[in-house]
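Reading the structure
Residue-level listing of the chains:
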Amino acid sequence: MVANRSLTGTVPEEVVVTRRILSLCAAGAALVVAAVLALAAPAQAAQLTAVSGFGSNPGNLAMYAYRPDNLPGGAPAVVLLHGCGQDASTYFTNSGWRTFADRWRFALIVPQQNSGNNATSCFNWFETGDISRGQGEAASIRSMVGYAVSSYGIAANRVYVSGLSAGGAMSAAMLATYPDVFAGGSVVAGIPYRCATSMVNAFSCMNPGVDKTPAQWGDLVRGAYPGYSGARPKVAVWHGTSDFTVASANANESRDQWTNVLGVSASPTGTVSLGGGTTMERYGNDVVRVYRVSGMGHGTPVDPGSGAEQCGTAAAYFLDTICSAYHDATFFGLNTGGPGPSTPPTTAPPTTPPPTGGPCVTATNYAHVAAGRAYQQLGYVYARGSNQAMGLYNVFQTNALRQTGPAYWVVGC
């Protein structure tokens, strides 16, 4: 026998009423909880999204884009180029760039290769038809940038590019072929532009590498857009000292290429020690940087964690050393939107006036501070006037500073 049931098996009226009241109360409580959750959740949840119809696509690439919530008009954008065997989602998820896109409010454009173009999904950095202005994969990536500028309100003069391995070599190709489109870029474990022009010589470019004079390398870039006389993008080069897939000699060759193109000496004007066994070299007025990560193999440097300068996820070809995305983003001057971290940026946005031919002094960071050419804040040193970062406050870091105005010094001579 079941309680509260009549001998006929029906439920008494008072029980029915009670159950209806309890049911209504439960439904009301559920609605309250749902309303609270709706208020607590963000209005949007930005995701990496496939984009179709972005324009001319002779290279047959796919476009993905990430726009943080509340992206302002005139925001910058960074093009991310994945390595072989990867895809847009893999690079977006692990490289760490999303952290700073959210923090400083800039967009990410993530092209994706397909196996129909290359069996291992490498960008074809060694095919002339894909690394020439107006052709192939380079032209497809250019179309994606144009779409982002017109459809998302991206600032046309604040577009940057970064890539790993084959994507790094393709990053160099974009900087060479479209200097009028990109304000800067980084080449991670990559290769100088037009080291190879077919698969036959691509492998020798990778390892042991090809040695050319700075002028020869520079001529290859200048030939990518003949007659161009406008500003050239700033360039960062990243390489692990134990990279046996793309020999670390390529870091020097890339340095020679871009210092020659930008008209600065191939001798560093300053050297800084960073975390993760990384040494950063500055060239000229901080227009070229070379990061050498001691003991690191082939991959994108990341540094998982929640610190202001940490990012990324350690995985295959994402190596736990240092957050390269943070250093690139500050080098590009992207750390000006959103709240930003509480610690001083590694690089301040460029504010350098035209050089006036003032004195040039090479000394330790300690000596520069003591002489009033620089100042220190929270253990870091900055050039007085320009606020350019010089590294740690000690007697081991050496920088060259040139005076370009009263109490105004810039890094590099």
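Everything here concerns the structure above.
As a starting point, this report considers the structure included with it. Values in this document were obtained by computation on a predicted structure and should not be read as measured data.

The rules behind the values
Residues numbered from 1 in each chain as written. Predicted model: local features only at pLDDT ≥ 70, side-chain atom pairs only at ≥ 80, totals over all residues. Heavy atoms only, no water. Helix = DSSP H or I, 4+ residues; strand = E, 2+ residues; numbered from the N terminus. Contact = heavy atoms within 4.5 Å. Areas by Shrake-Rupley, 256 points an atom, 1.4 Å probe, with all protein chains shown as cover. Disulfide = S-S within 2.5 Å. Buried < 20%, exposed > 50% of the residue type's maximum accessible area, 1.4 Å probe, protein only. Phe/Tyr/Trp six-rings, centres within 6.5 Å; stacked < 30°, edge-to-face > 60°. Lys NZ or Arg CZ within 6 Å of the ring centre and 35° of its normal.

**Structural notes on the overall build of the protein**
- The helix and strand inventory of the protein stands at ten helices and 18 strands.
- Within the protein, counting contacts between residues at least 6 apart in sequence, those at least 24 apart form 65% of the total.
- Within the structure as shown, the protein displays about 17100 Å² of accessible surface, and the carbon and sulfur contribution to it stands at 56%.

**Thoughts on the state of the cysteines**
- Across all of its chains, the model carries three disulfides by this definition.
- Paired through a disulfide, cysteine 84 and cysteine 122 show a sulfur-sulfur distance of 1.9 Å. For the disulfide bridge between cysteine 84 and cysteine 122, the dihedral angle about the S-S bond is near 125°, and by the sign convention the bridge is right-handed. One end of the pair, cysteine 84, is in the loop between β3 (77–81) and α2 (88–94); the other, cysteine 122, is in the loop between β4 (107–112) and α4 (136–152), and 38 residues separate them in sequence.
- Residue cysteine 84 is classed as partly exposed on the basis of its relative accessible area of 33%.
- Between the sulfur atoms of cysteine 195 and its disulfide partner cysteine 205 the distance amounts to 2.1 Å. Handedness here is read from the sign of the S-S torsion; for cysteine 195 and cysteine 205, about -100°, the answer is left-handed. Of this pair, cysteine 195 sits in the loop between β6 (184–188) and α6 (199–206) while cysteine 205 sits in helix α6, and the two are ten residues apart along the sequence. Both residues of the pair, cysteine 195 and cysteine 205, belong to the buried class.

**Some thoughts on unusual backbone geometry**
- Each neighbour pair has its own omega, and for asparagine 207 with proline 208 the value is 15°, a cis peptide bond.
- With a phi close to 50°, alanine 189 is a non-glycine residue in the positive phi region.
- Tracing the sequence through the fold places alanine 189 in the loop between β6 and α6.
- The phi dihedral of tyrosine 317 is positive, around 70°, even though this residue is not glycine.
- Positionally, tyrosine 317 belongs in the loop between β11 (300–302) and β12 (318–320).
- Given a relative accessible area of 44%, tyrosine 317 falls into the partly exposed group.

**A short note on the packing of aromatic side chains**
- Within this structure, the stated rule accounts for 13 aromatic pairs.
- Between the aromatic rings of tryptophan 125 and phenylalanine 126, the centroid separation amounts to 5.4 Å while the plane-to-plane angle is 85°, which identifies the pairing as edge-to-face. There is no split in this pair, since tryptophan 125 and phenylalanine 126 are both buried.
- Judged by centre distance (4.7 Å) and plane angle (10°), the ring pair of tyrosine 160 and phenylalanine 332 falls under stacked. Taken as a pair, tyrosine 160 in strand β5 (residues 159–164) and phenylalanine 332 in the loop between α9 (324–331) and β13 (360–364) lie far apart in primary sequence, 172 residues in all. Residue tyrosine 160 shares its accessibility class with phenylalanine 332, and that shared class is buried.
- When the ring centre of tryptophan 104 is taken as origin, the NZ or CZ atom of arginine 103, which lies over that ring, is 5.5 Å away.
- Of note, lysine 212 hangs over the ring of tryptophan 217, and the distance from its end group to the ring centre comes to 5.6 Å.

**Quick look at the environment of isoleucine 154**
- Within the secondary structure, isoleucine 154 sits in the loop between α4 and β5.
- Overall, isoleucine 154 belongs to the buried group, its relative accessible area being 4%.
- Considered as a pair, isoleucine 154 and proline 72 are 82 residues apart in the sequence and their alpha carbons are 8.8 Å apart.

Purely geometric numbers; function is a separate question.
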